[in-house]
Amino acid sequence: MFQEACGDLCDISQPSASCIIKRVSEAIAGLKKHYIQFPTADIPPPIKLDFWRICAFPNVVGTIDCTHIKIPCPGGANAKLFRNRKGFFSVNVQAVSGPNLEIQNIVVRWAGSVRDSRISENSRLCAQFERSDIQGKLFGDNGYSCPPYLMTPHTSSGPIDSPRT
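Structure report, in brief. The model shown is predicted, which means the values in this text are computed figures rather than measured ones.

Relative to the elements of secondary structure, lysine 80 occurs in the loop between strand S1 (60-70) and strand S2 (90-97). Note: C-alpha distance between lysine 80 and glycine 112 (32 residues apart in sequence) is 9.1 Å.

Structure (structure tokens):
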């Protein structure tokens, strides 16, 4: 449907629109190595300083989160794996961004039913943090586990130091 609409706008057929979309998508993906890079060995000081200015937390090198990209039902025996908790079919995409909202790392290969923490725990970036190849911390939401390099919100049903009666 999208390809037909694009084709109609440009006065080309749906198969031609499909070929053009594929070629442009591949060209954009081919530029990934030039534009999407997480600094590994030495995090440039401006990154940590910029995050300090934003949130007043020391040693922050990135923010991490996942988002669901809606897709049509892929069909086949594994189609149910792409149905997310909200009931629609999706790919769960993890991105890490810098202080200026630039994408530093992206993982686009997990079905919609996969939890954010599983994607993170199985990523190359996680392995780099665990080996101490990257010095610093990431900010994440409560969809993630809490390894030493990942700060997540504290959730509590009451005061942390509540007195016992």
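On to unusual backbone geometry. With a phi close to 60 degrees, aspartate 11 is a non-glycine residue in the positive phi region. Relative to the helices and strands, aspartate 11 is located in the loop between helix H1 (2-10) and helix H2 (14-30). A positive phi angle, close to 65 degrees, is found at serine 132, a residue other than glycine. Relative to the assigned elements, serine 132 resides in the loop between helix H6 (124-130) and strand S4 (137-139). Given a relative accessible area of 46%, serine 132 falls into the partly exposed group.

This part covers the environment of proline 58. The topology assignment puts proline 58 in the loop between helix H4 (45-55) and S1. Since its relative accessible area comes to 55%, proline 58 is described here as exposed. Taking the C-alpha atoms as reference points, proline 58 and glycine 136, 78 residues apart in sequence, are found 8.6 Å from one another.

As a further point, take the side chain of serine 90. Tracing the chain through its elements places serine 90 in strand S2. A distance of 3.1 Å separates a polar atom in the side chain of serine 90 from a polar atom in the side chain of asparagine 84. Discounting chain neighbours no more than four positions away, the residues touching serine 90 are His68, Ile69, Lys70, Ile71, Phe82, Asn84, Ala111 and Gly112.

Quick look at the sheet that holds S4 now. Sheet architecture is open: 5 strands sit in the order S3-S2-S1-S4-S5, paired in mixed fashion. Strands with a single pairing partner mark the edges of an open sheet, and in this sheet they are strand S3 (103-111) and strand S5 (150-151). Of the strand pairs in this sheet, S4 and S5 are connected by 2 bridges, and their pairing is parallel. Its bridge partner being in S5, phenylalanine 139 is matched across the sheet by methionine 151. Set on the sheet, H4 makes contact with S1, S2, S3 and S4; between it and S1 the angle comes to about 75 degrees.

Calculation criteria
- Residues numbered from 1 in each chain as written.
- Predicted model: local features only at pLDDT ≥ 70, side-chain atom pairs only at ≥ 80, totals over all residues.
- Heavy atoms only, no water.
- Helix = DSSP H or I, 4+ residues; strand = E, 2+ residues; numbered from the N terminus.
- Buried < 20%, exposed > 50% of the residue type's maximum accessible area, 1.4 Å probe, protein only.
- Polar contact = N/O pair within 3.5 Å; in protein donor to acceptor, adjacent residues only side chain to side chain.
- Contact = heavy atoms within 4.5 Å.
- Pairing = 2+ DSSP bridges.
- Axes fitted to C-alpha atoms, helices over the stretch in contact; angles between N-to-C directions.

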